[in-house]
Amino acid sequence: MVVCPTCSKENGTSFRFCMGCGAALPKRAPGTTVNPPSPGTFEETAPLGLPAVSTAADPVTWTATAKPTRPSRLELISIALDGSATASHRLNEGTNVFGRKRGGAFSRDKFLSPNHGSFTPSGERLLVRDEGSLNGVYRKLRAGEPSPISSGQYFRIGQELLRFESLTSAGPDRHGVERLGATPEGVVGRIVVVHGRGSTGAAFVVPTTGLQLGRERGDVVFPNDGYVSGAHCRLNVEGAQVHVIDLGSSNGTFVRLDTETEIGPGEVLLLGQQLFRVALASR
């Protein structure tokens with residue numbers, strides 16, 4: 001871990017900027033090594049941290065919870081940040097459970113719950129479900145394709161973890177008196193910067209005209225996050241529905257799944273510090 005000299009917050013060793021205050025973190029001297037963290041116990045799952053995504057190349061044995069346990073037509077490819085494949089994990093028929101109990105490098109990922117998520121192949125499609133994990137299962141959006149987001153749902157850009165919250169006015173009381181703090185006209189919600197479990201930072205309103213986020217250009221900017229693109233993503237409002245749209249960012253926009261979701265080949269998932277691409281298994 002790297003301790004911020006400005007606010008004393010602990011950050012991941014790969015972080016360039018502090019998660020707490022945004023200050024630049026000191027660089028490690030060339031040749032300096034960092035001991036990997038202890039796996040600890042399953043109860044020590046870290047809450048809603050934002051480490052730089054890593055890739056586990058250790059082989060993993062998937063155990064299906066329902067028979068038969070024949071190999072399915074799908075596999076998960078561990079991928080690095082540059083998109084290169086580092087390992088493949090064939091999925092069995094039935095329901096495959098993923099988490100720290102799977103072993104290998106996953107047992108050292110403290111951002112994974114013991115049973116984090118499950119994958120159920122269905123022909124050439126994959127049903128993905130969050131198994132009540134602390135930090136969630138995220139789906140990478142395809143650039144330019146709008147993805148609906150509901151109130152309370154999380155999404156991630158760069159090292160920023162954000163939560164969308166809808167805002168609806170209760171309206172005036174029976175005497176026609178407006179309530180203090182009523183939602184301003186033309187506003188559908190807000191996004192909140194999440195620092196940790198139960199800890200939030202700045203909030204920004206989402207007007208009916210939408211909201212653009214980025215590092216350099218937009219209504220909300222994160223100038224100190226080098227993992228956020230200049231123009232990263234946008235929130236569009238269509239009636240009562242808000243959509244997130246990735247604007248072709250370098251590192252992608254990830255939305256946390258809040259229901260069982262069907263995923264197709266070529267799509268990318270984020271669990272803990274692990275990135276996976278769904279693929280048809282080679283025969």
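Further remarks concern the overall build of the protein chain. A count of helical and extended segments in the protein chain gives 0 helices and 21 strands. Per-residue burial over the protein chain gives 46% buried out of 283 residues. For the protein chain, the exposed area adds up to about 14000 Å²; of that, 49% sits on carbon and sulfur atoms.

Here we take up the pairing of strand S12 (residues 187-196). Across the 10 residues that make up S12, a large majority, 8, are buried. Linking S12 back to strand S13 (residues 199-207) in an antiparallel pair, the connection comprises 2 residues, with Gly 198 at a positive phi of about 80°.

Another aspect to go through is the side chain of His 232. Structurally, His 232 can be placed in the loop between strand S15 (220-221) and strand S16 (233-238). In this structure the side chain of His 232 is engaged in a polar contact, spanning 3.3 Å, whose partner is the side chain of Ser 249.

Our next topic: the sheet that holds strand S10 (residues 154-157). Here we have 10 strands laid out as an open sheet, ordered S4-S3-S21-S20-S8-S18-S10-S11-S12-S13, and antiparallel in their pairing. The sheet is open, and its two edges are formed by strand S4 (85-92) and S13, each paired on a single side. Sheet twist, expressed as the mean angle between neighbouring strand axes with direction ignored, is 30°. As judged from the 4 bridges shared by S10 and strand S11 (residues 160-166), these two strands associate in the antiparallel manner. Across the sheet, residue Arg 156 finds its bridge partner in S11, namely Leu 161.

Before going further, it helps to spend a moment on the sheet that holds strand S19 (residues 261-263). Read from one edge of the open sheet, 4 strands run S5-S6-S7-S19, paired in antiparallel fashion. Edge strands, defined here as strands with exactly one partner in the open sheet, are strand S5 (96-98) and S19. Sheet twist, expressed as the mean angle between neighbouring strand axes with direction ignored, is 30°. Inspection of the sheet shows strand S6 (residues 117-122) paired to strand S7 (residues 125-130) by 6 bridges, in the antiparallel sense. From the neighbouring strand, Ser 118 faces S7, where its bridge partner is Arg 129.

Before going further, it helps to spend a moment on the confidence of the model for the protein chain. Parts of the prediction with low pLDDT should not have their coordinates interpreted in detail. Mean pLDDT over the protein chain stands at 82; residues scoring 70 or higher make up 76%. Low pLDDT, under 50, characterises residues 30-51; the stretch is placed with 49 contacts to residues that sit more than four places away or in other chains.

Taken as a whole, this structure holds 2 aromatic pairs when the rule is applied. On the basis of an interplanar angle of 70° and a centroid distance of 6.3 Å, the ring pair of Phe 98 and Phe 119 is categorised as edge-to-face. Of this pair, Phe 98 sits in strand S5 while Phe 119 is found in strand S6, placing the two residues 21 residues apart along the sequence. The pair formed by Phe 98 and Phe 119 is uniform in burial state, with each residue classed as buried. Residue class for Phe 98 comes out buried when judged on its relative accessible area of 0%. Among the aromatic side chains, those forming a connected cluster through ring pairs are Phe 98, Phe 119 and Phe 276.

Topologically, His 116 is positioned in the loop between S5 and S6. Each C-alpha atom, one on His 116 and one on Lys 101, is 9.2 Å from the other, the two residues being 15 residues apart in sequence. What His 116 contacts, discounting residues up to four positions off in sequence, is Phe 98, Gly 99, Phe 111, Asp 130, Glu 131, Ser 133, Asn 135, Gly 136, Val 137, Leu 271 and Gly 272. Polar contacts involving the side chain of His 116 include one to the main-chain amide nitrogen of Ser 113, which spans 3.0 Å.

Quick look at the pattern of salt bridges now. A full pass over the atoms with the stated rule returns 11 salt bridges. Across the pair Glu 93 and Arg 70 runs a salt bridge, and its minimum N-O distance is 3.0 Å. Of this pair, Glu 93 sits in the loop between S4 and S5 while Arg 70 sits in the loop between strand S2 (10-11) and strand S3 (71-79); the two residues are 23 residues apart in sequence, bridging distant segments of the chain. A single network of salt bridges, built from pairs that share partners, joins Arg 129, Glu 131 and Glu 260.

Here His 243 is to be found in strand S17 (residues 241-246). Sequence-distant contacts of His 243, defined by excluding residues within four places in its chain, comprise Pro 146, Ser 147, Pro 148, Arg 234, Leu 235, Asn 236 and Glu 238.

One broad rule of soluble globular proteins: the nonpolar side chains tend to lie buried together. Core analysis: the largest hydrophobic core is formed by 21 residues, its most contacted members being Phe 155, Ile 157, Ile 191, Val 206, Leu 213 and Leu 235. The set of elements that each furnish at least two residues to this core consists of S10, S11, S12, strand S14 (211-214), S16 and S17. In this view, Leu 213 contacts Ile 157, Leu 162, Ile 191, Val 220, Phe 222, Ala 231, His 232, Cys 233 and Leu 235; residues no more than four positions away in its chain are not counted. Judged by nonpolar contacts, the second largest core, of 16 residues, contains Leu 126, Leu 269, Phe 276 and Val 278.

Parameters at a glance
Here the residue numbering is sequential within each chain, running from 1 through the sequence in written order. Local features in this predicted model are restricted to residues of pLDDT 70 or higher, and side-chain atom pairs are both shown and tallied only at a pLDDT of 80 or more, whereas totals for entire chains, interfaces and linings draw on every residue. Remark: hydrogens and water are excluded; side-chain values derive from all non-hydrogen atoms of the structure. A run of H or I in DSSP counts as a helix once it spans at least four residues, and a run of E counts as a strand once it spans at least two, with each numbered from the N terminus. Accessibility here uses a 1.4 Å probe with only protein chains present; expressed as a share of the type maximum, an area under 20% marks a residue as buried, one over 50% as exposed, and anything in between as partly exposed. Note on areas: these come from Shrake-Rupley sampling with a 1.4 Å probe, and a residue is covered only by the protein chains present in the view. Whether two strands pair depends on DSSP finding at least two bridges between them. Pairs of N or O atoms within 3.5 Å make up the polar contacts considered here, provided that, within protein, one atom can donate a hydrogen while the other can accept it, and that residues adjacent in sequence are counted only when both atoms are side-chain atoms. Lines are fitted to the C-alpha atoms to define the axes, a helix being fitted only along its stretch in contact, and any angle between axes, read from their N-to-C directions, falls within 0 to 180 degrees. Confidence per residue, as judged by the predictor, is encoded in pLDDT with a range of 0 to 100. Residue contacts are counted whenever heavy atoms from the two residues lie within 4.5 Å of one another. Ring pairs are drawn from Phe, Tyr and Trp, using the six-membered ring of Trp, whenever the two centres fall within 6.5 Å, and their geometry is named by plane angle: stacked under 30 degrees, edge-to-face over 60, tilted for the rest. We define a salt bridge as a contact between a side-chain nitrogen of Lys or Arg and a carboxyl oxygen of Asp or Glu at a distance within 4 Å. In plain words, nonpolar cores are sets of buried Ala, Val, Leu, Ile, Met, Phe, Trp, Tyr and Cys residues tied together by side-chain atoms within 4.5 Å.

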